[in-house]
Amino acid sequence: MTPSESEAIKICRVLCIFFMSYVHVNPGLDSFAGELPAHLALLESVFSDVLGRASVPALSVLGGFLAVTAYARRRNWAVYARERWQTLMIPLISWNAVIILLSVLIWLTSGAQTAVLRELPSLQWVELPLLLDRLTAYNYGSATTALNFLRDIFVCSLLLPALLMLLRYTGAAGLALLWLVGLTLGFAPVVMRPAILMFFGAGIYLGLQGSLFRPSLGTLSKLSVALLLPLALVGLAPLFAGEYRDNAADTLSRLLVSGAFLLAAYGLSRVSVDNLLVRLEPMIYLMFLAHASIMLVFWGIWQKAMGSGLEWPYGLFYISAPLATLLAVAMLYRCLAYAPAILQHALTGKPCTDLARP
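Residues numbered from 1 in each chain as written. Predicted model: local features only at pLDDT ≥ 70, side-chain atom pairs only at ≥ 80, totals over all residues. Heavy atoms only, no water.

Looking now at the overall build of the protein. If you tally the helices and strands in the protein, you get 15 helices and 0 strands. Relative to the compact-globule value of 21 Å for 358 residues, the protein shows a C-alpha radius of gyration of 21 Å, a close match. In terms of overall dimensions, the protein has a C-alpha envelope of 60 × 55 × 50 Å along the principal axes. Residue burial in the protein is summarised as follows: out of 358 residues, 50% are buried. For the protein, the share of sequence-separated contacts (at least 6 apart) that also reach a separation of at least 24 residues comes to 74%. Accessible area for the protein stands at about 17,200 Å²; split by element, carbon and sulfur atoms hold 67% of it. Side chains of the protein carry 23 positive and 18 negative charges; the gap between the two charge centres is 11 Å. (Helix = DSSP H or I, 4+ residues; strand = E, 2+ residues; numbered from the N terminus. Rg over C-alpha atoms; globule rule 2.2 N^0.38 Å. Buried < 20%, exposed > 50% of the residue type's maximum accessible area, 1.4 Å probe, protein only. Contact = heavy atoms within 4.5 Å. Areas by Shrake-Rupley, 256 points an atom, 1.4 Å probe, with all protein chains shown as cover. Lys, Arg positive; Asp, Glu negative; His and termini not counted. Charge placed at Lys NZ, Arg CZ, Asp CG, Glu CD.)

So, in structure tokens, the structure goes:
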């Protein structure tokens, strides 16, 4: 991997996670019945429906691409799986516990119940499976909705040897088959969101070819056919209708926008070596993990000051909440650098001393 590609990957992570946070700005624009005010409908369309939701496919491609080299360095599935557990699942569990405890604290101090708490009316034994799902997302019921993504990426990592074998021996044809199955049958309950495994597979294919941002013309041609042929088949063939065609159209949209994310990241990596986005990358995973908990606090403060309606000032909250969250994460990251290593690993999946200490 060239230095330029490495920088582009870092930039892409920052862009994806920052814009993904708009999908989860409280209280969630899609939770309101009726028609949104025009300015909020526009903001939701641009920041949430396009930029935000295209982040998952782009991150999945990055995950698959990086998995190829990471696994090649180890050649030991058990070691690789344990590392992925520590990096993905331990922080998932930790931050789900944080948002549950935060919701309990809000209830005890103000009497207000968050959505997380409303789904946990008590801790009787009959509800322990629900609590376990909220903590681990084993059934895609993470207390922090965004963290369901980590559950699927972890499962994709466990499947990596089989995916590598499939794509090594069948190439673009195997990738096309993977996409056709994902668009029609899906992969549940193994991988709950089929697009994650589909785009993860595309990343693996590019990893096996050796380049993510500058593939050869032959590789790009084969990849295009492998992805577009299943989309055309499901989207246009009379055999498929209704939800299948809608799924194909939605996947095509995500493919195009996530491709634009990757191209934009590569372009930005060529602008400057000392790039602000590159400097933000070490802490951006913490933003992904913590943004729901932090924005829950910000939303409580906003409601106290401005109310919970959708009148014009709420647009300011919607736009500024991810920016304020990024600043809060930067301060949290610096504080965690002085915390015990076990706490760093629990909350970030890795040491975070590289930024805060000289």
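Here we take up helix α1 (residues 3-20). With 18 residues, α1 extends 26 Å from end C-alpha to end C-alpha; this agrees with the ideal 26 Å at 1.5 Å per step. Extensive coverage of α1 is indicated by the burial of 14 of its 18 residues. (Expected span 1.5 Å × (residues − 1).)

Okay, the side chain of Ser-21 next. The residue Ser-21 is located in the loop between α1 and α2 (38-52) in this model. Sequence-distant contacts of Ser-21, that is, excluding residues within four places in its chain, are made with Met-287, His-291, Met-295 and Pro-322.

In this section: the pattern of salt bridges. Under the counting rule described, the total for this entry stands at 5 salt bridges. Close ionic contact of Arg-13 with Glu-281 constitutes a salt bridge, the shortest N to O distance being 2.7 Å. Linking Arg-13 in helix α1 with Glu-281 in helix α12 (residues 276-306), this pair joins segments that are 268 residues apart in sequence. A salt bridge links Arg-151 to Asp-152, with the nearest nitrogen and oxygen atoms 2.8 Å apart. Exposure class is identical for Arg-151 and Asp-152. Each is buried. (Salt bridge = Lys/Arg side-chain N within 4 Å of Asp/Glu carboxyl O.)

Next up on the list: the packing of aromatic side chains. Enumeration over the complete set of coordinates arrives at 17 aromatic pairs. Where Tyr-22 meets Tyr-318, the ring centres are 5.6 Å apart and the plane angle is 50°; that geometry is what we call tilted. Taken as a pair, Tyr-22 in the loop between α1 and α2 and Tyr-318 in helix α13 (residues 313-336) lie far apart in primary sequence, 296 residues in all. Like Tyr-22, the residue Tyr-318 is buried in the burial classification. Among the aromatic residues, those joined into a cluster by ring pairs are Phe-18, Phe-19, Tyr-22, Phe-47, Phe-261 and Tyr-318. (Phe/Tyr/Trp six-rings, centres within 6.5 Å; stacked < 30°, edge-to-face > 60°.)

Once that is clear, we can look at the environment of Leu-15. Tracing the backbone shows Leu-15 in helix α1. Considering only alpha carbons, one finds Leu-15 and Leu-262, 247 residues apart in sequence, at a separation of 9.6 Å.

What follows concerns the packing of helix α8 (residues 160-184) against helix α9 (residues 194-209). Taken N-terminus to C-terminus, the directions of α8 and α9 make an angle of 140°; their axes are 9 Å apart at the nearest point. Taken together, α8 and α9 sit at an angle that is classed as oblique. In the packing of α8 onto α9, the handedness of the crossing is left-handed. Between α8 and α9, the contacting residues are Leu-160, Leu-163, Leu-164, Leu-167, Arg-168, Gly-171, Ala-172, Leu-175, Leu-178, Trp-179, Gly-182 and Leu-183 on the first element and Pro-194, Leu-197, Met-198, Phe-199, Phe-200, Gly-201, Ala-202, Ile-204, Tyr-205 and Leu-208 on the second. Broken down by class, the residue content of the contact of α8 with α9 amounts to 18 nonpolar, 3 polar and 1 charged. (Axes fitted to C-alpha atoms, helices over the stretch in contact; angles between N-to-C directions. Parallel < 35°, antiparallel > 145°, perpendicular 65-115°, else oblique. Left-handed = near helix turned anticlockwise from the far one by under 90°. Nonpolar A, V, L, I, M, F, W, Y, C, P; charged D, E, K, R; others polar.)

Turning next to the environment of Ala-97. Of note, Ala-97 is situated in helix α4 (residues 77-110). Classification of Ala-97 as partly exposed rests on a relative accessible area of 26%.

On to the packing of α2 against α13. Contact geometry for α2 and α13: axes closest at 11 Å, N-to-C directions at 10°. As far as their axial angle goes, α13 and α2 are roughly parallel. Facing Leu-40, Leu-43, Glu-44, Phe-47 and Ser-48 of α2, the residues of α13 in contact are Tyr-314, Gly-315, Tyr-318 and Ile-319. Looking at the contact of α2 with α13, its residues break down into 6 nonpolar, 2 polar and 1 charged.

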